[in-house]
Amino acid sequence: MTDTPTPFSDYTDEVRVEWVDFNDHFHMGYYALAFEHAQQAFLAHLGLFADGWPDGARMATREIHVCFLRELRERAPLRFETLLLDHDASRVHCIHRMLHAAEGYVAATGEIVSECVDVADERHAIGFVPHVDQSLGRMRAEHARLDMPEQRGRAIRLVRRG
Amino acid sequence: MPHTDLSKLIESHRTLVEPAWGDGAGRMQTGLYMVVFDVATGGFFTALGWSRAERIPHACTVFTLESHLCCERTPVVGEPLRFTTQLIDVDAKRVHFLHEMRHATEGWLAATNELVSVNVNTQTRRSAPFPEHLLARFAAIRDAHRALGTPAQAGRAAGLDAGTPGHPHKAPR
């Protein structure tokens, strides 16, 4: 064992039949759903949905930024690498790489901010319990040492080349 | 029918929140927003004069390069939605635009989706310029839309600043 940090990499999936378009390609509209699943898996890993789950709460996605890098076909095996970029009392900000699990290339990146909110009123944030907050703090310090996808923190604009 | 009224945003789609899009409590699932916004993208390109039917003789299609979704307020199953689209920028091969999804009768903003699409030749699978006759038209729409102001979500980088969608919210309890 080494203490070299690695991204959270436990989550795998595939390009599901219900996510493809008429050309058998992964429909761009469903990438956000796949990235949300990866974010949920990461938060579950931190204990958020076990004994760290506040009463009357749900996780709400506040924003998602997807960069589409290479196409994927139906049933392509996927794995995800997740980096925690930032967090506060109720929010987490992650970036995920979506990789073709067999060929190894990065097919897309997804940057997500999600917030723990009151099920009855999404404008009400609910704070993380202390041990989840501490896990987030440790994870963030570890992940700060890793290489970040260049898409991190990107704002959309047309950059003129040449 | 191409869009001709440059004094307002392009209406790109209307729909109701379908039952299949809801979670257990009837809230529209955020993971499906981009699927519905993609229909608005189709409506937008049709209004620009570059519908699927118009692209086929040119052996062209459009691919999405990036897509940024901001969720402001969650609609529920059965609510009517209206989508309008602002053309923010354009070059020879790419279009940068932003959809707003609002409650169709009450007017409140549910979400925005900012995108960049690229024109692609279906034979080479490589990017290709838009036809010349469309570029002047795209530029005229961009200039007219600029006069309508820029949405706060345009050009935003995801993060935990004061502009995070869904805010202003009440402090955590």
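For the structure, see preceding data.
Residues numbered from 1 in each chain as written. Chains lettered and ligands numbered in written order. Predicted model: local features only at pLDDT ≥ 70, side-chain atom pairs only at ≥ 80, totals over all residues. Heavy atoms only, no water.

Draft legend 1. Main features of the overall build of chain B. The number of helices and strands found in chain B is three helices and five strands. Along chain B, helices and strands appear, N-terminal first, in the series β-α-α-β-β-β-β-α. For a compact globule of 173 residues, the expected C-alpha radius of gyration is about 16 Å, and chain B comes in at 17 Å, within 12% of that figure. Expressed along its principal axes, the backbone C-alpha trace of chain B runs to roughly 55 × 35 × 30 Å. Scored against the burial criterion, the 173 residues of chain B give a buried share of 55%. Across chain B, the fraction of contacts at a sequence separation of at least 24, relative to all contacts at a separation of at least 6, is 71%. Here chain B has roughly 7500 Å² of accessible surface; of this, 55% comes from carbon and sulfur atoms. (Helix = DSSP H or I, 4+ residues; strand = E, 2+ residues; numbered from the N terminus. Rg over C-alpha atoms; globule rule 2.2 N^0.38 Å. Buried < 20%, exposed > 50% of the residue type's maximum accessible area, 1.4 Å probe, protein only. Contact = heavy atoms within 4.5 Å. Areas by Shrake-Rupley, 256 points an atom, 1.4 Å probe, with all protein chains shown as cover.)

Draft legend 2. Here's a closer look at the interface of chain A and chain B. Listed as interface residues are 48 residues of chain A and, on the opposing side, 46 residues of chain B. Contact between chain A and chain B buries roughly 4000 Å² in total, counting both sides, with carbon and sulfur atoms accounting for 52%. Sorting the residues of chain A by area buried against chain B places A:Glu63, A:Ile156 and A:Leu158 first, and these three jointly supply 19% of that buried surface. At the junction of chain A and chain B, the tally comes to three salt bridges. Close ionic contact of B:Glu66 with A:Arg154 constitutes a salt bridge, the shortest N to O distance being 2.5 Å. Counting the contacts that link chain A with chain B gives 18 residue pairs in polar contact (both at pLDDT 80 or more). The class makeup of the residues in the side of chain A that touches chain B is 18 nonpolar, 11 polar and 19 charged. (Buried area = accessible area lost by both parts, 1.4 Å probe. Salt bridge = Lys/Arg side-chain N within 4 Å of Asp/Glu carboxyl O. Polar contact = N/O pair within 3.5 Å; in protein donor to acceptor, adjacent residues only side chain to side chain. Nonpolar A, V, L, I, M, F, W, Y, C, P; charged D, E, K, R; others polar.)

Draft legend 3. Structural detail: the packing of aromatic side chains. Enumeration according to the criterion identifies 11 aromatic pairs over all chains in this entry. Both rings, one in A:Trp19 and one in A:Phe26, keep their centres 5.5 Å apart while their planes meet at 10 degrees; by these two values the pair is stacked. By relative accessible area, which is 5% here, A:Phe26 ends up buried. Pairing B:Phe130 with B:Phe138 gives two aromatic rings, centres 5.1 Å apart and planes at 80 degrees, and the pair type is edge-to-face. Of the two residues, B:Phe130 and B:Phe138, neither departs from the other in class, the shared state being buried. Here the aromatic cluster, defined as three or more aromatic residues joined through ring pairs, consists of A:Trp19, A:Phe26, A:Tyr31 and A:Phe68. A:Arg70 extends its terminal NZ or CZ atom over the ring of A:Tyr105, reaching a point 3.7 Å from the ring centre. (Phe/Tyr/Trp six-rings, centres within 6.5 Å; stacked < 30°, edge-to-face > 60°. Lys NZ or Arg CZ within 6 Å of the ring centre and 35° of its normal.)

Draft legend 4. Inspection of helix α1 (residues 31-45) of chain A at higher detail. For α1(A), which comprises 15 residues, the first-to-last C-alpha distance of 21 Å matches the rise-based estimate of 21 Å (1.5 Å per residue) to within 8%. Within α1(A), 11 of the 15 residues are buried, which leaves the element mostly enclosed by the surrounding structure. Of the positions making up α1(A), those classed as buried are A:Tyr31, A:Ala32, A:Leu33, A:Ala34, A:Phe35, A:Glu36, A:Ala38, A:Gln39, A:Ala41, A:Phe42 and A:Leu43. Those residues of α1(A) that are buried are in contact with β2 (57-68), β3 (77-87), β4 (91-100), β5 (106-118) and α2 (130-143) of chain A together with α1 (33-48) of chain B. Taken from the residues just after α1(A), A:Gly47 is the one with a positive phi, measuring 90 degrees. (Expected span 1.5 Å × (residues − 1).)

Keep in mind that these numbers describe shape and distance, not what the molecule does.
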